[in-house]
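Residues per chain, in single letters:
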Amino acid sequence: MTLTQQIITIALCVLGTMATRFLPFLLFSSKKPTPKYILYLGKVLPAAIFGMLVVYCLKHVSVLSGSHGLPEFLAICVVVGLHLWKRQMLLSIASGTVFYMLLVQFIF
């Protein structure tokens, strides 16, 4: 990429980030209550996104060949176990990722 292309790319990323941060404050004023539909989406979308990520991450796991999905299953158990124990999302996800990578690199 040329310098101009890099500057344009960074500017567009900044613009996109700023738009997603400021748009809710522009659309929903503090004087009016937040619409019930938006409150509903705020409650259900995080769980839906995590569900979609789990499906996406496991879509190519074959239980009939290779390691039979054992590293993925063990990593999921680590994530779920840590989350139930500590209730720290970042700790659970990071630990599960590191555990999976260690399994894949050194054991399977």
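Above this text is the structure in question.
Residues numbered from 1 in each chain as written. Predicted model: local features only at pLDDT ≥ 70, side-chain atom pairs only at ≥ 80, totals over all residues. Heavy atoms only, no water.

Asker: Can you break down the side chain of Glu-72 residue by residue, with the values?
Answerer: By secondary structure assignment, the location of Glu-72 is in helix H3 (residues 70-86). Buried within the structure, Glu-72 lacks any salt-bridge partner; Lys-59 is the closest side chain of opposite charge, at an N-O distance of 13 Å. Looking at Glu-72, its side chain comes within polar contact range of the side chain of Tyr-100, at 3.3 Å. With near-sequence residues (within four places) excluded, Glu-72 lies in contact with Leu-58, Val-61 and Tyr-100. (Helix = DSSP H or I, 4+ residues; strand = E, 2+ residues; numbered from the N terminus. Buried < 20%, exposed > 50% of the residue type's maximum accessible area, 1.4 Å probe, protein only. Lys, Arg positive; Asp, Glu negative; His and termini not counted. Salt bridge = Lys/Arg side-chain N within 4 Å of Asp/Glu carboxyl O. Polar contact = N/O pair within 3.5 Å; in protein donor to acceptor, adjacent residues only side chain to side chain. Contact = heavy atoms within 4.5 Å.)

Asker: Lay out the environment of Ile-76 with the relevant residues and their values.
Answerer: For Ile-76, the location among the structural elements is in helix H3. Expressed as a C-alpha distance, the spacing of Ile-76 and Lys-31, which sit 45 residues apart in the sequence, is 44 Å.

Asker: Requested: an account of the environment of Met-101, with residues and values cited.
Answerer: Relative to the assigned elements, Met-101 resides in helix H4 (residues 89-107). With a relative accessible area of 39%, Met-101 lands in the partly exposed category.

Asker: Any details on unusual backbone geometry? Residues and values, ideally.
Answerer: Although it is not a glycine, His-68 sits at a positive phi angle of roughly 60°. Tracing the backbone shows His-68 in the loop between helix H2 (36-58) and H3. Taking relative accessible area as the criterion, His-68 reaches 47% and is therefore assigned partly exposed.

Asker: Help me get a handle on helix H1 (residues 3-27), residues and values and all.
Answerer: With 25 residues, H1 should reach 36 Å at 1.5 Å per residue; the first-to-last C-alpha distance of 35 Å fits that figure. If you look at H1, its biggest bend is around 35°, right at Arg-21, and the proline Pro-24 turns up within four residues after that. (Expected span 1.5 Å × (residues − 1). Bend = angle between axes of the 7 residues up to and from the residue.)

Asker: Describe the packing of H3 against H4, listing the residues and the values that go with them.
Answerer: Direction vectors running N to C along H3 and H4 enclose 155°, while the axes themselves pass 8 Å from each other. Here H3 is positioned roughly antiparallel relative to H4, judged by the angle of their axes. Where H3 crosses over H4, the two elements pack in a sense that is right-handed. Where H3 approaches H4, its residues Pro-71, Glu-72, Leu-74, Ala-75, Val-78, Val-79, Leu-82, His-83 and Lys-86 are matched on the opposing element by Met-89, Leu-91, Ser-92, Ser-95, Gly-96, Phe-99, Tyr-100, Leu-103 and Val-104. (Axes fitted to C-alpha atoms, helices over the stretch in contact; angles between N-to-C directions. Parallel < 35°, antiparallel > 145°, perpendicular 65-115°, else oblique. Left-handed = near helix turned anticlockwise from the far one by under 90°.)

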